[in-house]
Amino acid sequence: MKFYLPTKVFFEDGYKDSIIEIEKLGNTFLIITGKSSKKNKSLDELVDVLKKLNKKFEIFDETLENPPKEMLYKIIDKFGKNWDVIVGLGGGSPMDAAKAIAVLCKNDIKVEDLYDNLKYNSASKILCIPTTSGTGSEVTQYSVLTINNVKKGFKHDVIFPNVSILEPKYTLTLSKELTISTALDALSHAVESFLSLRASEFSKLYALEAIKLIKQNLNKLVEDLQNYELRKKIMLASFYAGIAISLTGTTIAHSLGYSLTSEKGIKHGLATAVFLPFEVKNSGKEEEIKEILGDPLEFLKSLNVSIEFSIEDEEIERWSNRVLNSSHVKVTPGNYNLNKIREAYKWVIEKSGLYGGSK
Ligand SMILES: [Fe+2]
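Because the structure is predicted, anything quoted here is derived from the model rather than measured.

### Observations concerning the coordination of the iron ion
Here comes step 1: Donor atoms from the polypeptide that bind the iron ion are D185 (OD), H189 (NE2), H254 (NE2) and H268 (NE2), placed at 2.1 to 2.2 Å.
Here comes step 2: For the iron ion, the four donor atoms in the first shell make angles of 81 to 165° at the metal, a pattern classed as irregular.

In structure tokens:
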């Protein structure tokens, strides 16, 4: 078994102790963020800290969801590569984009080369500040980008964030829909990690705690979005689930969901979570999951999860082949072949009761 987490994590610190670590990271900071970091005040607080420390910084606040490679080139064109620290401030997209930019700053490679581990071994320092609870990117060596309309993750130890700052208060302004879809991403990470053929005693510890926290607190939070204690519990769950996947990776539900996101615009957390009941049922570990989460399909229905898009048989065929060639297949219990992958899509669309689109 291996446990490796090089990230210094601060939880509810309010820049009290973390400011010392930020000081040590370097002198120039490029902040990758979106518009919501203004609303939740996380950007103002970071800017104040950087000013107090006399750091030079620039802000890119036009991060697109599921970062496309063209956006990464645009950032490099506009701001150059000479940055000590890249900050990912926001949800998974700014953090994943920051990780990619950090590698591109230190290496003369193309975005596609990020997927070849042998082509680089360095990155600018990475500071992550999540403002949603779901991605876990603040404690993982993964970044998921969109290359030619296909969502695909890369993995490298050099993109583990050096420092991550977790403040549940930044999630207080999240809408109900975003709260649910991001928390379901965390739930998917935890369940998939628990089921993974690469699961260990270490990873299961974090995965089970994350599932428990989500089961006990998410429904309550959805009815009480301003409740700080519940926000804190869900942010902890996301953090734990992130640690779990840093150890095991995700499994087939993520691979199945990627095409729903890149081709139908379904939010990542929803796109993966709808496949959880199928994956759990075929894992041989259904009873273990049910003991903590109850029935996964019932849990999704209790949150009114519904996905809508039009779909053709040709698309299911193309997506299924994509999943078959993904690395997730060999770490998922249940021997997934092309037939079984097709069956997973058909189950969600025809049988789950979660699909509200047209076929
Ligand atoms: Fe995810």
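### Concerning helix 6 (residues 176–195)
Here comes step 1: Taking 1.5 Å per residue, 20 residues should reach 28 Å; helix 6 reaches 28 Å between its end C-alpha atoms and fits that length.
Here comes step 2: Across the 20 residues that make up helix 6, a large majority, 17, are buried.

### Overview of the packing of helix 7 (residues 201–222) against helix 12 (residues 286–293)
Here comes step 1: Their axes nearest at 9 Å, the elements helix 7 and helix 12 cross at an angle of 45°. Comparing the axis directions of helix 7 and helix 12 gives the class oblique. Across the interface between the two elements, L208, I211, K212 and K215 from helix 7 touch I289, I292 and L293 from helix 12.
Here comes step 2: Grouping the constituent residues of the contact of helix 7 with helix 12 by class yields five nonpolar, no polar and two charged.

### Re the pairing of strand 5 (residues 125–130)
Here comes step 1: In terms of burial, strand 5 is largely enclosed, as five of its six residues are buried.
Here comes step 2: Pairing between strand 4 (residues 85–90) and strand 5: six bridges, direction parallel. Among the inter-strand pairings, L89 is bridged to a residue of strand 5, identified as I129.
Here comes step 3: Judged from the two bridges that link them, strand 5 and strand 8 (residues 163–166) form a sheet pairing that is parallel. Paired with L127 across the strands is V163, a residue of strand 8.

### Quick notes on the UniProt feature "domain: Alcohol dehydrogenase iron-type/glycerol dehydrogenase GldA" (unreviewed entry) in the chain
Here comes step 1: UniProt marks residues 6–168 with the feature "domain: Alcohol dehydrogenase iron-type/glycerol dehydrogenase GldA" (unreviewed entry), using the numbering shown here.
Here comes step 2: Taken end to end, residues 6–168 comprises 30% helix and 26% strand; its first and last C-alpha atoms sit 22 Å apart.

### Here we look at a nonpolar patch on the surface
Here comes step 1: A surface patch of nonpolar side chains, amounting to about 320 Å² of accessible area, comprises M1, F3 and F202.
Here comes step 2: Looking at the secondary structure, you find F202 in helix 7.
Here comes step 3: On the basis of relative accessibility, which here comes to 32%, the residue F202 falls in the partly exposed class.

### Considerations on helix 7
Here comes step 1: Here helix 7 spans 31 Å end to end across 22 residues, near enough to the 32 Å set by a 1.5 Å rise per residue.
Here comes step 2: Most pronounced at Q216, the bend in helix 7 amounts to some 35°.
Here comes step 3: Burial in helix 7 covers these residues: S203, A207, A210, I211, L213, I214, N217, L218, L221 and V222.
Here comes step 4: Close packing links the buried residues of helix 7 with helix 6, helix 8 (228–248), helix 12 and helix 13 (296–302).

### What about the packing of aromatic side chains?
Here comes step 1: Counting across every chain of the model gives twelve aromatic pairs.
Here comes step 2: Ring geometry for Y4 versus F160: centroids 5.6 Å apart, planes at 85°, classification edge-to-face. Of this pair, Y4 sits in the segment before strand 1 (8–11) while F160 sits in the loop between strand 7 (150–155) and strand 8, placing them 156 residues apart in sequence.
Here comes step 3: We classify F160 as buried; its relative accessible area is 4%.
Here comes step 4: Considering the side-chain rings of F60 and F79, the 6.3 Å spacing of their centres and the 85° angle between planes classify their relative orientation as edge-to-face. Here F79 lies in helix 4 (residues 69–79) and F60 lies in strand 3 (residues 56–60), a separation of 19 residues in the sequence. Taken individually, F60 and F79 each receive the classification buried, so the pair is uniform in this respect.
Here comes step 5: In this structure an aromatic cluster arises from ring pairing among F3, F202, Y206, F239 and Y240.
Here comes step 6: The residue whose ring lies beneath K285 is F194, and the NZ or CZ to ring-centre distance is 5.6 Å.
Here comes step 7: Here the basic side chain of K340 rests over the ring of Y336, its NZ or CZ set 5.1 Å away from the ring centre.

Reading the values: rules and limits
Residues numbered from 1 in each chain as written. Predicted model: local features only at pLDDT ≥ 70, side-chain atom pairs only at ≥ 80, totals over all residues. Heavy atoms only, no water. Donors = N, O, S within 2.8 Å, 3.2 Å for Na, K, Ca; no water. Tetrahedral: all angles 85-135°; square planar, octahedral: opposite > 155°, others 65-115°. Helix = DSSP H or I, 4+ residues; strand = E, 2+ residues; numbered from the N terminus. Expected span 1.5 Å × (residues − 1). Buried < 20%, exposed > 50% of the residue type's maximum accessible area, 1.4 Å probe, protein only. Axes fitted to C-alpha atoms, helices over the stretch in contact; angles between N-to-C directions. Parallel < 35°, antiparallel > 145°, perpendicular 65-115°, else oblique. Contact = heavy atoms within 4.5 Å. Nonpolar A, V, L, I, M, F, W, Y, C, P; charged D, E, K, R; others polar. Pairing = 2+ DSSP bridges. UniProt positions renumbered as here; feature names shortened; annotations may be inferred. Patch = residues over 30% accessible without salt bridge, like charges linked within 9 Å, V, L, I, M, F, W, Y side chains within 5 Å. Areas by Shrake-Rupley, 256 points an atom, 1.4 Å probe, with all protein chains shown as cover. Salt bridge = Lys/Arg side-chain N within 4 Å of Asp/Glu carboxyl O. Bend = angle between axes of the 7 residues up to and from the residue. Phe/Tyr/Trp six-rings, centres within 6.5 Å; stacked < 30°, edge-to-face > 60°. Lys NZ or Arg CZ within 6 Å of the ring centre and 35° of its normal.

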